[in-house]
Amino acid sequence: MDVFQHVNHARMVTLLEEARIPWLFEEGRPTSALRSGCVLADLRVRYRGQLRHEDTPLDIAMWIEQLRAVDFTVGYEVRANGAAPDSPPAVLATTQLAAFDIDTQRLRRLTDPERDYLTEWMDK
């Protein structure tokens, strides 16, 4: 929380990352190989309301907004703990992530299993 009594931007970006990591990179998931090669290409955060310490733990909904050959965009809605899922989110965000080959230092194509897993989470 910052001097204005709400969760600040740097902490919000960290919370988005902490929500994303187990969903995409946990062992056994088809996307777990991205742990060793994935770069953040874009980040957008829009604040629609403030979140305070007493609103935690926050509820973060995630889905895939866009899926392309080498990258994908994750959408987020962040609400105070216990807020109705259909209530307006306090934060809307997106992160564009690209598959990356560390050895060649180049982007790589997503594998079929990675694409299939991500497709399951597409916003339909």
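Residues numbered from 1 in each chain as written. Predicted model: local features only at pLDDT ≥ 70, side-chain atom pairs only at ≥ 80, totals over all residues. Heavy atoms only, no water.

> What should I look at first to understand the overall build of the protein in this one?
Tallying secondary structure elements over the protein gives 2 helices and 5 strands in all. Counting the 124 residues in the protein, one finds 36% classified as buried. Sequence-distant contacts in the protein: of pairs separated by 6 or more residues, those separated by 24 or more amount to 63%. Of the roughly 7,400 Å² of accessible surface on the protein, 51% is carried by carbon and sulfur atoms. Computing the positive centroid from 15 side-chain charges and the negative centroid from 20, the protein places the two 5 Å apart. (Helix = DSSP H or I, 4+ residues; strand = E, 2+ residues; numbered from the N terminus. Buried < 20%, exposed > 50% of the residue type's maximum accessible area, 1.4 Å probe, protein only. Contact = heavy atoms within 4.5 Å. Areas by Shrake-Rupley, 256 points an atom, 1.4 Å probe, with all protein chains shown as cover. Lys, Arg positive; Asp, Glu negative; His and termini not counted. Charge placed at Lys NZ, Arg CZ, Asp CG, Glu CD.)

> Teacher, can you tell me more about the nonpolar core here?
Grouped together as the largest cluster of nonpolar side chains are 27 residues, with contacts concentrated most on L24, L51, F72, V74 and L118. Mapped by element, the contributors of at least two residues to this core are α1 (9-25), β2 (59-67), β3 (71-79), β4 (91-101) and α2 (112-120). Per-element tally for this core: the top contributor is α1, with 7 residues. Residues within four places of L118 in sequence aside, it is in contact with L24, T31, I64, L67, F72 and L110. (Core = buried A, V, L, I, M, F, W, Y, C linked by side-chain atoms within 4.5 Å.)

> Explanation requested: the environment of P85 in the structure shown.
Its location among the elements puts P85 in the loop between β3 and β4. Residue P85 is classed as exposed on the basis of its relative accessible area, which comes to 71%.

> It is not clear to me how the pattern of salt bridges should be interpreted in this structure. Could you clarify?
When charged atoms on two side chains of opposite charge get close, those side chains can pair. Counted under the stated rule, the structure contains 8 salt bridges. Measuring nitrogen to oxygen at the nearest pair gives 2.8 Å for the salt bridge that ties E114 to R108. For E114, a relative accessible area of 1% translates into the label buried. (Salt bridge = Lys/Arg side-chain N within 4 Å of Asp/Glu carboxyl O.)

> I tried to follow the pairing of β3 on my own but got confused; where do I start?
Two faces belong to every sheet, and in a regular strand the side chains alternate between them. Counting buried positions over the 9 residues of β3 gives 8, a clear majority of the element. Note: β2 against β3, 8 bridges, orientation antiparallel. Bridged to M62 within β3 is Y76. Counting the residues between successive antiparallel strands, the hairpin from β2 to β3 contains 3 residues. Both β3 and β4 contribute to a ladder of 8 bridges, which runs antiparallel. Paired with Y76 across the two strands is A93, which belongs to β4. (Pairing = 2+ DSSP bridges.)

Geometric descriptors of this kind do not, in isolation, establish any biological role.
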